[in-house]
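# An overview of the molecular structure
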Amino acid sequence: MTAPALEAVDLTKTYGSVEALRGASFSVHPGEVVALIGDNGAGKSTLVKCMAGAEQPTSGTIRFEGAETRFDSPTDARRRGIETVYQDLAVAPELDPAANLFLGREIRRPGVLGALGMLDKKAMRRRAAEEFGRLGVALQSIDVPIGSLSGGQRQSVAVARSVVWASKVVFMDEPTAALGVVQRERVLDVIRRVRDEGVAVVLISHNMPEVLSVSDRVEVLRLGRRVARFTAKDATLEDLVGAMTGALHQEEA
Ligand SMILES: Nc1ncnc2c1ncn2[C@@H]1O[C@H](COP(=O)(O)OP(=O)(O)OP(=O)(O)O)[C@@H](O)[C@H]1O
Ligand SMILES: [Mg+2]
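The structure contained in this document is the topic of the report that follows.

Scoring rules and cut-offs
- Residues numbered from 1 in each chain as written.
- Chains lettered and ligands numbered in written order.
- Predicted model: local features only at pLDDT ≥ 70, side-chain atom pairs only at ≥ 80, totals over all residues.
- Heavy atoms only, no water.
- Core = buried A, V, L, I, M, F, W, Y, C linked by side-chain atoms within 4.5 Å.
- Buried < 20%, exposed > 50% of the residue type's maximum accessible area, 1.4 Å probe, protein only.
- Helix = DSSP H or I, 4+ residues; strand = E, 2+ residues; numbered from the N terminus.
- Contact = heavy atoms within 4.5 Å.
- Expected span 1.5 Å × (residues − 1).
- Arc of directions from axis to C-beta.
- Near = heavy atom within 4 Å.
- Polar contact = N/O pair within 3.5 Å; in protein donor to acceptor, adjacent residues only side chain to side chain.
- Areas by Shrake-Rupley, 256 points an atom, 1.4 Å probe, with all protein chains shown as cover.
- Nonpolar A, V, L, I, M, F, W, Y, C, P; charged D, E, K, R; others polar.

Residues Phe 132, Leu 135, Leu 139, Met 172 and Ile 191 are the most contacted members of the largest nonpolar core, which totals 33 residues. Mapped onto this core, the elements with two or more residues apiece are α3 (97-101), α5 (121-134), α6 (151-165), β7 (169-173), α7 (181-196) and β8 (200-204). In terms of residues, this core owes the most to one element, α6, which gives six residues. Once you skip the residues sitting within four places of it in the chain, Met 172 turns out to touch Val 85, Val 159, Ser 162, Val 163, Ile 191, Val 202, Leu 203 and Ile 204. The next biggest cluster of nonpolar side chains, apart from the first, holds 28 residues, and it includes Ile 62, Phe 71, Ile 204 and Leu 221.

Listed below in structure tokens is the structure:
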């Protein structure tokens, strides 16, 4: 068995007097989709932020490909192949979709112009159009500021941006929440595709049928700690709901 792509052991995170994480553990392997589920406020987003460099855990251990590590910032995590689609979408509303796709990774013009910081907008547009096409993101134009797109289109762009750059792990915090039926299915297809390419995918979702249809495993968070783990094909809706609400308790503190 290979080492998990990413593993969190016994993380705590406090915000003032609020204990968002109270000894939370989590793991995901390469080529696996793990759903991270739990009630509102269970600590899912906080756990993801701690594993993606957006927050520092108060205590606990993070291992990346078997080695203990810390991520100083989201940029640090991204450099190591870990991408995140945040629940509170982190797109730049004034930029167009192509510019959003390349945010922080802009392609420069060749030669001296590039050295002076001139960007190769044409190359970025071309590559963005290719990627959006490949991922089935339907946009009427890639030349408009992303702030003028619908919520679902913006979300699709955020998902596309994460999977284009993720080589090891991609976290998706409720990526389908704003999507219609067709776009939702496309995102689920994208999730399966990047999983099949060997990337570790972590999906946060409140939609249990979606969780059971797309994930290989499910880890359940309750009150800031992991309370249960399931193999998706052996789990029922009742199992998941029972674990989230506290009716069923697998793991003791
Ligand atoms: N920046 C913050 N400052 C203070 N408290 C926070 C902060 N972020 C999260 N919390 C608290 O930590 C707890 C866990 O929040 P978190 O956002 O991780 O939950 P969640 O499982 O993602 O919930 P949801 O399903 O509603 O998105 C909540 O009680 C929340 O109020
Ligand atoms: Mg959340």
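Picking up after the structure, the text goes on.
This next bit is on α5. In a regular helix each residue adds 1.5 Å, so 14 residues correspond to 20 Å; α5 covers 20 Å between its end C-alpha atoms and thus fits that length. Taken together, the buried positions of α5 are Ala 123, Met 124, Ala 128, Glu 131 and Phe 132. For α5, the angular spread of buried residues about the axis comes to 155°, placing them on one side. Residues of α5 that are exposed and angled more than 90 degrees away from the buried face: Lys 122, Arg 126, Glu 130 and Gly 133. Buried-residue contacts for α5 involve α3 and α6. At the exit of α5 stands Gly 136, carrying a positive phi of roughly 70°.

To continue, consider the site of ligand 1. Not every one of the 14 residues close to ligand 1 is listed here, only the nearest: Asn 40, Gly 41, Lys 44, Thr 46 and His 206. A distance of 3.2 Å separates an oxygen atom of ligand 1 from a polar atom in the backbone of Ala 42. Contacts to ligand 1 include His 206, whose side-chain N or O atom sits 2.8 Å from an oxygen atom. Within the complex, the protein chains bury 63% of what would otherwise be the 630 Å² of accessible surface of ligand 1. Looking at the shell around ligand 1, the elements that each hand over two or more residues are β2 (18-28) and α1 (44-51). With three residues, α1 is the single largest residue contributor to the shell around ligand 1. Classifying every residue of the shell around ligand 1 gives four nonpolar, seven polar and three charged.

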